[in-house]
Each structure stands twice: as C-alpha cells, then as structure tokens.
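For reference, the chains in residue letters:
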Amino acid sequence: MKASDVVVIGGGISGMLAAIAAAKKGKSVTMLRYGYGAFEIGGGLIDIMAYPNDKKSSSSLKNCIGSLSSDHPYSKLGLQRVEDAVKFLLDLTKEEGYAYEGGVDELHWVPTAVGTMKPTGLYPKSFDVEVLKKADTIYLVDFKGLKDYYAKLTEKTLKKLLGEDKKYEIVTVDPKMEEAIGGRDIMIMDIARWLDKSEGQEDCASQLKALVNPGAAVVFPQVLGTMPSYA
C-alpha cells in the first residue's frame, strides 16, 4: 500500500473536510470509505450547536459555550478554533460554488424535507427561509414517482408555521424516467442527475412555467443537481 502522510477513515462530511484540510497543508492523503453514507439523503445542514446540555431550549454556540461541561468537545476546542473551522468551511464552499451562510453567532431556522423548521449553524444559500416568510404564494414542487418526499405533509406543516393566510399549492413535475430506471422507485439522486443535464433543466422549467405564477416562492425537495451552479 502506498504510504501517505494522513489516512482518513470515513467519507462523510467530517472525513472529507479532514482530508481536504490536510491536503491544503501539503500532506498526501488516503481516504478509506464504503458507499456514500448519508450524503444522498442528508439535508446539507451543518449543525454547530442547537440544544446545549440536552435542553429543549435552543441557543447558538457563542451564547452557550460558557455553560458547557469542561469535557464537551466544543469546550476542549474553544470558541476560536470552532470559528476558524467554520471560516474554513465557508471559504471552501464559496470557492467550489456551493456557498454556505451562517456561523456561531446565532441560530438559523431552516425548513426540512417535511416542512418542519430546525435550528442549524451553517446552511446552503438555497435554504433561506426569509423568502417563504415574505411570499404571499408558496408552490411546493413534487416529482411524479419520487420516493421519500411527501409534498402534502410539507404543505400541512408550513401552514402551521407560516400561517394559513398564504396561498399554498402543490405542483407536480413529471421527469418521465420510469422506463430509463427499469421500473424501480425514483430516488432523489435520479432527479438530481436529470437536472444536471440541460435537457432535464429545460423540461423541468417548461413544466413549471405552465404551473407557477411569477413572484411566488417555490419549494423543491433536495434535487437541484449534483454539480454546483456558477450562474
């Protein structure tokens, strides 16, 4: 086996960032991983601190780090190291075209796949919940045959969180891929790969134009391609 300065076991978000950080310092890195883990179903959120000391109340890391036990990982690291790590990730995602927002100063409440809101530290720019708060009309995009996404449940939960005074409407896009995938369930990554291609983007946009009025907020499941957009 070829010798490396650093061997990283696991290819999740922690493993990938550890490997990238080591590589940026000029180290040769070998990563050992099996499969894709939770990347295909993960929401893309980086939770830094939400519920300190296992309490139900929420607080940002900056506000609660002084109350954590001395053996807590964040206490051992110290706030400055965590802030440095956050800056590293924010800079990295910006360089790669996947710009993130957030930090350790405050919690950010973002919508989940079922329409609930959860506190997090860092989030993709496409998760900005302020767009939903300001909108009078919210369209929830469903994809025909897509497994593990329930637009009706998302709509029900958003109504509770954002109010019944807004207009909510579910619109369905047909990716027409049953034959291409051999009759199995359509997965998140199938739609994402379809939207990686210009033909898929044009087809999706064409279907949505016939269903969605301009000026409204549009909610998608996490299917918007596997590659960053530099537009």
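Residues numbered from 1 in each chain as written. Predicted model: local features only at pLDDT ≥ 70, side-chain atom pairs only at ≥ 80, totals over all residues. Heavy atoms only, no water.

Enquirer: It is not clear to me how the pattern of salt bridges should be interpreted in this structure. Could you clarify?
Expert: A side chain of one charge can pair with a side chain of the opposite charge if their charged atoms are brought near each other. Under the criterion given, the structure shown has eleven salt bridges. With a closest N to O distance of 2.8 Å, Asp-190 and Arg-184 form a salt bridge. On the accessibility criterion, Arg-184 (44% relative accessible area) is partly exposed. It is possible to trace a salt-bridge network through shared partners that takes in Lys-152, Glu-155 and Lys-159. (Salt bridge = Lys/Arg side-chain N within 4 Å of Asp/Glu carboxyl O. Buried < 20%, exposed > 50% of the residue type's maximum accessible area, 1.4 Å probe, protein only.)

Enquirer: What should I look at first to understand the confidence of the model for the protein in this one?
Expert: If pLDDT is low for a region, its predicted coordinates should not be looked at in detail. The share of residues in the protein with pLDDT of 70 or more is 94%, and the mean pLDDT across the chain is 87. Within the protein, strand β4 (residues 108–111) has the poorest average pLDDT of any element, 82, and strand β8 (residues 167–173) the best, 96. (pLDDT = per-residue confidence, 0-100. Helix = DSSP H or I, 4+ residues; strand = E, 2+ residues; numbered from the N terminus.)

Enquirer: In this structure, what is going on with the nonpolar core? I would like to understand it.
Expert: Grouped burial of nonpolar side chains is what soluble globular proteins tend to show. One finds Leu-132, Ile-138, Phe-143, Leu-146, Ile-191 and Trp-194 to be the most contacted residues of the largest nonpolar core, which totals 29 residues. Looking at this core, the elements with two or more residues in it are β7 (137–143), α6 (151–162), β8, α7 (188–196), α8 (198–209) and β9 (217–219). Sort the elements by how many residues they give to this core and β7 lands first, with five residues. Setting aside residues up to four positions removed in sequence, Ile-191 forms contacts with Phe-143, Leu-146, Pro-175, Met-177, Ile-186 and Val-223. By size, the runner-up hydrophobic cluster in this structure holds 14 residues, among which are Met-49, Val-82, Leu-89 and Leu-122. (Core = buried A, V, L, I, M, F, W, Y, C linked by side-chain atoms within 4.5 Å. Contact = heavy atoms within 4.5 Å.)

Enquirer: Help me out: how do you make sense of helix α1 (residues 13–24) in this one?
Expert: Along an α-helix, residues three or four positions apart point the same way, because every turn accommodates 3.6 residues. In this model, α1 (twelve residues) spans 16 Å end to end at C-alpha, consistent with the 16 Å of a helix rising 1.5 Å per residue. When α1 is considered as a whole, its buried residues turn out to be Gly-15, Ala-19 and Ala-22. Down the axis of α1, the sector holding all buried residues measures 65 degrees, keeping them to one side. Buried residues along α1 sit in contact with β1 (6–9) and β2 (29–32). Gly-26, located one to two residues past α1, shows a positive phi value of around 85 degrees. (Expected span 1.5 Å × (residues − 1). Arc of directions from axis to C-beta.)

Enquirer: Can you help me understand the environment of Gly-97 in this one?
Expert: Examined against the element boundaries, Gly-97 turns out to sit in the loop between α4 (79–95) and β3 (100–102). Its relative accessible area of 23% is what places Gly-97 among the partly exposed residues.

Enquirer: Is there a simple way to explain α4 in this structure?
Expert: In this model α4 runs 24 Å from its N-terminal to its C-terminal C-alpha over 17 residues, within 8% of the 24 Å that 1.5 Å per residue would give. Here α4 has its buried residues at Val-82, Val-86, Leu-89, Leu-92 and Thr-93. Axial view of α4: buried residues confined to an arc of 130 degrees, hence all on one face. Exposed positions of α4 whose direction lies more than 90 degrees from the buried face are Arg-81, Lys-87, Lys-94 and Glu-95. Contacts made by the buried residues of α4 are with α1, α2 (61–64), α3 (73–77), β3 and β6 (122–124). Trailing α4 by a residue or two, Gly-97 shows a phi angle of about 90 degrees, which is positive.

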